[in-house]
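# What the coordinates show
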Amino acid sequence: MAHLEITALGACYGKVAVLDDVSLSVERGELVGIVGPSGSGKSTLLRALVGLVPPTAGTVVLDGHAVDYANALSLRAMRDQTAIVFQQYNFFQNMNVLENLTVAPVKIRGRNRSETEKEARALLARVGLADKEKAYPDELSGGQQQRVAIARALVLKPAVVLLDEVTAALDPELVRDVMDVVQDLARDGITMLLVSHEMGFIREAAHRVVMMDAGRVVEVGPPAQIFGDAQQERTRAFMSRIIRH
Ligand SMILES: Nc1ncnc2c1ncn2[C@@H]1O[C@H](COP(=O)(O)OP(=O)(O)OP(=O)(O)O)[C@@H](O)[C@H]1O
Ligand SMILES: [Mg+2]
């Protein structure tokens, strides 16, 4: 059975439908790239999965369990397994990097402090920031902050990681650093949905790509199909615009 099974998902902002009949089946350890024009619903899809925008139709089944978005316990169970990383980091500016990584697991989840610190240090090493645990967020570059944000999401030991434009604010040289981390996680078998405008990276790293437009899934396929041999005219039009610019 798929790790994450999304069926006919719908979501609205007020009366405006922004996700319509979105279905996607994601295998464990799969890295799925999500592309599409601005406003097509990519962020909303990630937000709906974790209930930040309540789905109005359809079902989400994670690891065999249907998520009941109206039920706090069911929603918490889903969120315990899922980390979402946005472009905004929302660090605690008065805490150093290590404290930012450990505060939620220790204070909210009641994890053992010294064990959590050990795990946090291992994750910082993994994202290439072992020497920054005592630094404060404003002492880090954008790319370093983004890597800390990813490490912070991983401290919670998610099975599913949702990444929304995590490289959009970065200098081109820093994009590679963050992408290396993402690719590493994929090799470890974490299931990931990656919304990105970095077509080169999606093409290289994603197992499959979802093309969205106007709140719907237009086409799903391997990168070679979506980028080189799209079956839908809408996908081809989008790709030709991207490639020209
Ligand atoms: N908080 C909100 N309130 C009302 N409408 C919203 C809200 N957030 C997004 N929308 C609308 O929902 C639609 C989908 O937005 P969404 O942010 O999911 O697009 P996106 O594909 O992530 O775009 P981008 O590539 O620009 O990030 C858009 O029409 C947008 O205007
Ligand atoms: Mg978005």
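Scope of this entry: the structure provided in the associated data block. Note that the structure is predicted; figures quoted are calculated from it, not measured.

Here we come to the nonpolar core. Membership of the largest hydrophobic core comes to 49 residues, with the highest contact counts inside it found for Val35, Leu101, Ile150, Leu163 and Met192. With 28 residues, the next largest nonpolar core counts Ala11, Val26, Leu46 and Val210 among its residues.

The next point concerns the pairing of strand β1 (residues 4–13). Pairing analysis gives 7 bridges linking β1 to strand β2 (residues 16–26), with the strands arranged antiparallel. Counterpart to Ile6 in the pairing with β2 is Leu24. What sits between the antiparallel neighbours β1 and β2 is a turn of 2 residues, in which Gly14 has the positive phi angle 60 degrees. Note: β1 against strand β4 (residues 55–62), 6 bridges, orientation antiparallel. Paired with Ile6 across the two strands is Val60, which belongs to β4.

In the neighbourhood of ligand 1, the contacting residues comprise Tyr13, Val18, Pro37, Ser38, Gly39, Ser40, Gly41, Lys42, Ser43, Thr44 and His197. Between Ser38 and ligand 1, the recorded distance is 2.6 Å, taken from a side-chain N or O atom to an oxygen atom. Contact distances for ligand 1 include 2.8 Å between an oxygen atom and a backbone N or O atom of Gly39. Relative to its unbound accessible surface of 630 Å², ligand 1 loses 55% to contact with the protein. Here the element with the most residues in the shell around ligand 1 is helix α1 (residues 42–49); it accounts for 3 residues. Residue classes in the shell around ligand 1 are distributed as 3 nonpolar, 7 polar and 1 charged.

So, on to unusual backbone geometry. Of note, Asp21 is a non-glycine position whose phi angle comes to about 55 degrees, a positive value. A positive phi angle, near 55 degrees, is found at Asp63, a position not held by glycine. Checked against the element boundaries, Asp63 lands in the loop between β4 and β5 (65–66). Look at Asp63 and you get partly exposed, because its relative accessible area is 36%.

Judged by pairing direction, the sheet is antiparallel, and its 4 strands sit side by side in the order β2-β1-β4-β5 without closing on themselves. Every other strand in the sheet has two partners, leaving β2 and β5 as the edge strands with one partner each. Direction of pairing for β4 relative to β5: antiparallel, over a ladder of 2 bridges. Of the residues in β5, the one forming a bridge with Val61 is Ala66. Of the strands in this sheet, β1, β2 and β4 touch α1, which is tilted by about 110 degrees from β1.

The topology assignment puts Thr191 in strand β8 (residues 191–195). Among the polar contacts made by the side chain of Thr191, one reaches the side chain of His3 at a distance of 2.7 Å. The residues touching Thr191, leaving out its near neighbours within four places in the chain, are His3, Val26, Glu27, Arg28, Gly29, Glu30, Ala159, Val160 and Val161.

Quick notes on the rules
- Residues numbered from 1 in each chain as written.
- Chains lettered and ligands numbered in written order.
- Predicted model: local features only at pLDDT ≥ 70, side-chain atom pairs only at ≥ 80, totals over all residues.
- Heavy atoms only, no water.
- Core = buried A, V, L, I, M, F, W, Y, C linked by side-chain atoms within 4.5 Å.
- Buried < 20%, exposed > 50% of the residue type's maximum accessible area, 1.4 Å probe, protein only.
- Pairing = 2+ DSSP bridges.
- Helix = DSSP H or I, 4+ residues; strand = E, 2+ residues; numbered from the N terminus.
- Near = heavy atom within 4 Å.
- Polar contact = N/O pair within 3.5 Å; in protein donor to acceptor, adjacent residues only side chain to side chain.
- Areas by Shrake-Rupley, 256 points an atom, 1.4 Å probe, with all protein chains shown as cover.
- Nonpolar A, V, L, I, M, F, W, Y, C, P; charged D, E, K, R; others polar.
- Contact = heavy atoms within 4.5 Å.
- Axes fitted to C-alpha atoms, helices over the stretch in contact; angles between N-to-C directions.

Scope: geometric values only; no functional claims are made or implied.
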